Amino acid sequence: QWLLSTQQEEKAGELQEQEGNYVQAIELYLRGGMASKAASVVQRNHGNYSPELLQKIVGGLQASGLYDRAGELYSRMGLVAPAMDAFRKGHAYRQAIELAKQAQ
C-alpha cells in the first residue's frame, strides 16, 4: 500500500508478481506506464488472462511504439490481422512472415 501511495507501481508490481498475483502485477505495471513489463509477465506466466487485460497491454505497447511486442501479443491472442499490422508498423517483417506461414 505504501508503495502505491508513493507512486512506486513498479516495485509493487514486482512484489505481486513474486507472490504469484500476476493479474494485479500487470495492472500495477500498466498504471505505472510499463506496458513492456506487463507483456513480459504474460509471456513468462502462461495464464488465462482476460481479453480486456491483454488489450490494455497491447494499447500500452503501441502507445510506447513497441509494435513488435504488440504484434506478438496479438498473435498469442489469435488475432492475425492486427498482429500483421503491428509487425508492419514495427518493421518486424520476419515475424510477419512467420505469422503468415502459420496462418495458412
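All chains use their own residue numbering, which begins from 1 and follows the written sequence. Side-chain atom pairs in this predicted model are given and counted only at pLDDT of 80 or more, local residue features only at pLDDT of at least 70, and totals for whole chains, interfaces and linings cover all residues. The basis for every side-chain value is the complete set of non-hydrogen atoms in the structure, without hydrogens or water.

Teacher, can you tell me more about the nonpolar core here?
Buried Ala, Val, Leu, Ile, Met, Phe, Trp, Tyr and Cys residues that are joined via side-chain atoms within 4.5 Å together make up what is termed a nonpolar core. We call a residue buried when its accessible area falls under 20% of the maximum for its residue type, exposed when it is over 50%, and partly exposed in between, using a 1.4 Å probe and counting protein chains only. Formed by 26 residues in total, the largest nonpolar core has its most connected members in Ile26, Leu30, Val42, Tyr49, Ile57, Leu61 and Leu73. Each helix is a run of DSSP H or I of at least 4 residues and each strand a run of E of at least 2, with the numbering of both proceeding from the N terminus. Only α3 (22-31), α4 (35-44), α5 (51-63), α6 (67-77), α7 (80-89) and α8 (93-103) provide two or more residues apiece to this core. By definition, residues are in contact when any of their heavy atoms lie within 4.5 Å. Those residues in contact with Leu30 that lie beyond four places of it in its chain are Ala35, Ala38, Leu53, Lys56 and Ile57.

Sorry, what's going on with the pattern of salt bridges here?
Two side chains with opposite charge may pair up if their charged atoms get near one another. Should a side-chain nitrogen of Lys or Arg be within 4 Å of a carboxyl oxygen of Asp or Glu, the pair is scored as a salt bridge. The final tally for this structure, using the stated rule, is seven salt bridges. Between Asp85 and Arg88 there is a salt bridge, with the nearest N and O atoms lying 3.8 Å from each other. Separated by three residues within a single helix, Asp85 and Arg88 lie in helix α7, roughly one turn from each other. Judged by its relative accessible area of 45%, Arg88 falls in the partly exposed class. The salt bridge involving Glu98 is made with Lys101; its shortest N-O contact spans 3.9 Å. Taken together, the positions of Glu98 and Lys101, both in helix α8 and three residues apart, correspond to about one turn of that helix. Of the residues examined, Glu98 reaches a relative accessible area of 37% and is grouped as partly exposed. A network of salt bridges, in which partner residues are shared, links Glu10, Glu14 and Lys37.

Mind showing me how you'd approach the environment of Gly20 here?
Examined against the element boundaries, Gly20 turns out to sit in the loop between α2 (9-18) and α3. Gly20 gets classed as partly exposed once you look at its relative accessible area, which sits at 33%. Expressed as a C-alpha distance, the spacing of Gly20 and Asn45, which sit 25 residues apart in the sequence, is 9.3 Å.

How do you make sense of unusual backbone geometry when you look at a structure like this?
Excluding glycine, most residues fall at negative phi; most peptide bonds, likewise, are trans. At His91, a residue that is not glycine, the phi angle is positive and equals roughly 55°. Locating His91 in the fold gives a position in the loop between α7 and α8.

It is not clear to me how the packing of α4 against α5 should be interpreted in this structure. Could you clarify?
For any two helices packed against each other, the geometry comes down to the angle between their axes and how far apart the axes lie. Comment: axis = line fitted to C-alpha atoms, over the contacting stretch for helices; angle = value between 0 and 180 degrees taken between N-to-C directions. Put simply, α4 and α5 touch, their axes get as near as 8 Å, and they point 140° apart. With respect to their mutual orientation, α4 and α5 come out oblique. Here α4 and α5 pass one another in a crossing that is left-handed. Contact residues: α4 offers Ala35, Ser36, Ala38, Ala39 and Val42, while α5 offers Leu54, Ile57, Gly60 and Leu61. Classes in brief: Ala, Val, Leu, Ile, Met, Phe, Trp, Tyr, Cys and Pro nonpolar; Asp, Glu, Lys and Arg charged; the others, Gly included, polar. Of the residues assigned to the contact of α4 with α5, the class counts are seven nonpolar, two polar and no charged. Working definition: roughly parallel below 35 degrees, roughly antiparallel above 145 degrees, roughly perpendicular at 65 to 115 degrees, and oblique for all remaining angles. Should the near helix be turned anticlockwise from the far one by less than a right angle, the crossing is left-handed, and should it be turned clockwise, the crossing is right-handed.

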